[in-house]
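Report on the structure
In case you want the letters, here they are:
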Amino acid sequence: MFESAEIGHSIDKEAFEAEVPALREALLEAQYELKQQARFPVIVLINGIEGAGKGETVKLLNEWMDPRLIEVRTFDQQTDEELARPPAWRYWRALPPKGRMGVFFGNWYSQMLQGRVHGLFKDAVLDQAITGAERLEQMLCDEGALIIKFWFHLSKKQMKARLKALKDDPLHSWRISPLDWQQSQTYDRFVRFGERVLRRTSRDYAPWHVIEGVDPYYRSLAVGRILLESLQAALANDPSSKHKGNVAPLGRSIDQKSLLGALDLSRRLDKHDYQEQLVTEQARLAGLLRNKQMRRHALVAVFEGNDAAGKGGAIRRVAAALDPRQYRIVPVAAPTEEERAQPYLWRFWRHIPARGKFTIFDRSWYGRVLVERVEGFCTPADWMRAYGEINDFEEQLTNAGVVVVKFWLAIDQQTQLERFEEREQIPFKRYKITEDDWRNRDKWDLYVEAVGDMVDRTSTEIAPWTLVEANDKRWARVKVLKTINEALEAAFHKSRK
């Protein structure tokens with residue numbers, strides 16, 4: 001893959017200067033059209049050999065284009081804030097919104113290559129990282145992003161010649177960084193693993209472009225042309241003709257109606273037992289979150305359920321046991337304008353807690369396969385692929401030490417009707433009932449089907465669903481607390497092994 005980058009293409013200065021004005025004008029025009037359409041973001045990944053002109057080329061692009069619409073991000077050593085969260089968190093929070101461009105140095109490819117080159121892990125871990133990068137890029141592209149990947153290349157001979165020239169020039173020797181010297185010693189390993197990564201991750205939706213780095217005029221024009229062609233092609237695409245995928249019916253391993261129907265919604269606790277168990281479980285939770293083992297973990301609790309199933313009351317009983325500094329409640333409603341400009345998981349990645357902390361999601365990323373599916377807010381192809389994307393998301397969380405606990409609070413239709421009518425009669429509860437709540441009752445069976453598919457496809461060993469019998473609020477609240485406590489104790493026990 002790198003052989004063609006060592007031919008030594010070059011362009012003289014006169015030809016370069018003759019082409020730049022038209023190229024620059026076209027890039028600016030495409031950039032402003034990108035902003036105006038605001039249909040997709042552009043993510044430019046910069047990788048390759050040190051000294052091959054990566055920084056110089058991006059600096060030139062900033063001069064050619066409007067820098068106000070470009071955000072250049074460099075991911076060097078992880079900060080304490082980043083180390084306390086899953087590795088992908090630092091990239092998700094930096095994604096550009098629709099209509100803008102983000103240029104990423106030191107991105108996910110840099111991290112995996114440097115780790116393998118310096119022997120921090122073996123090939124198996126590198127292959128896992130490659131697969132993770134493919135899944136991330138596939139998801140971003142499915143969400144509409146344009147990903148353009150550049151590998152700036154120099155041969156070993158060219159790299160050594162550049163270092164020697166700079167070393168012998170007292171005015172420019174300062175430009176040689178420790179990373180340059182380091183890579184001169186590890187060049188062969190870096191190129192070998194780099195080739196492996198590029199071959200595995202160059203896909204039709206996010207291909208790699210290998211850029212010869214010797215001649216600055218050639219590499220600048222090559223990058224500018226590729227960027228322009230990619231932008232123009234994406235802008236010319238008719239969004240209404242976007243491939244929606246061939247969506248086959250879900251293969252169901254269980255009967256979803258019997259899944260919820262099998263719950264014993266008559267389960268109850270009397271007031272005395274409830275008070276006794278509630279206090280016990282709250283004290284248990286408070287102790288677990290103060291346990292020193294919690295420094296190695298974070299906790300995420302997801303609350304989903306039928307309207308009026310008692311999610312808010314269950315959440316309040318969980319929070320009542322804790323110091324407010326230990327937890328955060330994230331209520332999830334319709335996405336804001338800022339959130340609609342990003343991939344749908346972005347709004348949840350940004351709220352992932354640091355180690356030692358607890359985040360409660362009052363509704364969650366499962367909206368994609370529940371309300372968005374039932375109400376037609378996304379295409380069948382979108383919610384069908386979301387099952388795998390959600391499983392991947394939760395796997396990344398658990399691999400980073402996050403304990404994920406997921407609850408579906410279930411009630412029957414008669415109980416829901418009684419609670420709706422009660423809310424309309426009580427002034428301080430009236431705000432809880434809306435026209436949408438009444439309208440959703442007509443889609444009860446559709447939601448039952450969607451919940452069954454959701455549990456069937458996303459209840460995994462690492463992040464299982466807990467179905468909560470919620471006709472009796474006391475029973476539901478105690479079951480929620482017990483489940484959280486058991487999940488934390490299991491995680492602590494596993495981490496001690």
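For the chain, an unreviewed UniProt entry supplies the name Polyphosphate:AMP phosphotransferase and the organism Pseudomonas guariconensis.

**Observations regarding the overall build of the chain**
Looking only at helices and strands, one finds 20 helices and 10 strands in the chain. Across the 497 residues of the chain, 52% fall into the buried class. For the chain, contacts bridging at least 24 residues in sequence account for 82% of all contacts bridging at least 6. Carbon and sulfur atoms make up 51% of the accessible area of the chain, which totals about 24200 Å².

**Here's the deal with the sheet that holds strand S4 (residues 146-153)**
Read from one edge of the open sheet, five strands run S2-S3-S1-S4-S5, paired in parallel fashion. In this open sheet, the two edge strands, each paired with only one partner strand, are strand S2 (70-74) and strand S5 (208-212). The mean inter-strand angle of the sheet, taken between neighbouring strand axes irrespective of direction, is 20°. Relative to strand S3 (residues 101-105), strand S1 (residues 42-48) runs parallel, the two being bridged by five bridges. Of the residues in S3, the one forming a bridge with valine 44 is valine 103. Sheet strands in contact with helix H9 (residues 216-236) are S1, S3, S4 and S5, and its direction is about 165° off that of S4.

**With respect to the packing of aromatic side chains**
In this structure the tally under the stated criterion is 21 aromatic pairs. An angle of 65° between the planes, with centres 4.9 Å apart, marks the rings of phenylalanine 75 and tyrosine 91 as edge-to-face. Of the two residues, phenylalanine 75 is situated in the loop between S2 and helix H3 (80-83) and tyrosine 91 in helix H4 (residues 89-92); the sequence distance between them amounts to 16 residues. Relative accessible area serves as the criterion here: at 4%, phenylalanine 75 is assigned to the buried category. Classification of tyrosine 91 as buried rests on a relative accessible area of 7%. For the ring pair tyrosine 366 and tryptophan 465, a centre distance of 4.8 Å and an interplane angle of 65° mean the geometry is edge-to-face. Taken together, the positions of tyrosine 366 in the loop between strand S8 (358-362) and helix H15 (371-375) and tryptophan 465 in strand S10 (residues 465-469) put the pair 99 residues apart, joining distant regions of the chain. Comparing tyrosine 366 with tryptophan 465 shows no difference in burial state: the two are buried. One aromatic cluster is present, formed by Phe75, Tyr91, Phe104, Trp108, Tyr109, Trp151, Phe190 and Trp208 through successive ring pairs. Seen from the ring of tryptophan 89, arginine 85 lies directly overhead, with NZ or CZ sitting 4.4 Å from the centre.

**Some remarks on the pairing of strand S6 (residues 298-305)**
Counting buried residues along S6, eight of its eight residues qualify, which places the element largely inside the surrounding structure. Residue alternation in S6 divides its side chains into two sets, Ala298, Val300, Val302 and Glu304 and Leu299, Ala301, Phe303 and Gly305, and both sets are buried. Across eight bridges, the pairing between S6 and strand S9 (residues 402-410) is parallel. Across the sheet, valine 300 pairs through a bridge with valine 404, a residue of S9. When S6 meets S8, the two strands line up parallel, connected through five bridges. Paired with valine 300 across the bridge in S8 is threonine 359.

**Focus on the environment of isoleucine 411**
Locating isoleucine 411 in the fold gives a position in the loop between S9 and helix H17 (413-425). Look at isoleucine 411 and you get buried, because its relative accessible area is 4%. Between the C-alpha atom of isoleucine 411 and that of leucine 263, which follows or precedes it by 148 residues, the distance is 9.5 Å. In this structure, isoleucine 411 is in contact with Leu265, Asn306, Asp307, Ala308, Ala309, Gln416, Arg419, Trp444, Ala470 and Asn471, ignoring residues within four places of it in sequence.

**Quick look at the nonpolar core**
In this structure, Trp64, Trp92 and Trp365 are the most contacted members of the largest nonpolar core, which totals 115 residues. Examining the composition of this core, we find that 10 residues originate from one element, H9, more than from any other. Residues from two domains meet in this core; each of domain 1 (1-238) and domain 2 (257-493) gives at least three. Grouped together as the second largest cluster of nonpolar side chains are 34 residues, Leu269, Ile315, Leu488 and Ala491 included.

**With respect to the sheet that holds strand S7 (residues 327-331)**
Paired through backbone hydrogen bonds, the strands of a sheet run either parallel or antiparallel to each other. Reading across the sheet, the five strands line up as S7-S8-S6-S9-S10 and stay open at both edges, with parallel pairing between neighbours. Only two strands of the sheet have a single neighbouring strand rather than two, namely S7 and S10. Strand-to-strand twist of the sheet, defined as the mean angle between neighbouring strand axes without regard to direction, takes the value 20°.

**Focus: helix H2 (residues 54-64)**
Along H2, the residues classified as buried are Lys54, Thr57, Val58, Leu60, Leu61 and Trp64. Buried positions in H2, seen along its axis, are confined to an arc of 155° and lie on one side of it. Packed against the buried residues of H2 are helix H1 (13-37), S1, S2, S3, S4 and H9.

**Brief notes about the pattern of salt bridges**
Throughout the structure, instances matching the rule amount to 34 salt bridges. Here arginine 203 makes a salt bridge to glutamate 134, at a shortest N to O gap of 2.7 Å. You can see arginine 203 sitting in the loop between helix H8 (178-201) and S5 and its partner glutamate 134 sitting in helix H6 (residues 123-142), a full 69 residues away along the chain. According to the relative accessible area criterion, glutamate 134 is buried, its value standing at 16%.

Cut-offs and rules
Residues numbered from 1 in each chain as written. Predicted model: local features only at pLDDT ≥ 70, side-chain atom pairs only at ≥ 80, totals over all residues. Heavy atoms only, no water. Helix = DSSP H or I, 4+ residues; strand = E, 2+ residues; numbered from the N terminus. Buried < 20%, exposed > 50% of the residue type's maximum accessible area, 1.4 Å probe, protein only. Contact = heavy atoms within 4.5 Å. Areas by Shrake-Rupley, 256 points an atom, 1.4 Å probe, with all protein chains shown as cover. Pairing = 2+ DSSP bridges. Axes fitted to C-alpha atoms, helices over the stretch in contact; angles between N-to-C directions. Phe/Tyr/Trp six-rings, centres within 6.5 Å; stacked < 30°, edge-to-face > 60°. Lys NZ or Arg CZ within 6 Å of the ring centre and 35° of its normal. Core = buried A, V, L, I, M, F, W, Y, C linked by side-chain atoms within 4.5 Å. Domains from an automatic or database assignment. Arc of directions from axis to C-beta. Salt bridge = Lys/Arg side-chain N within 4 Å of Asp/Glu carboxyl O.

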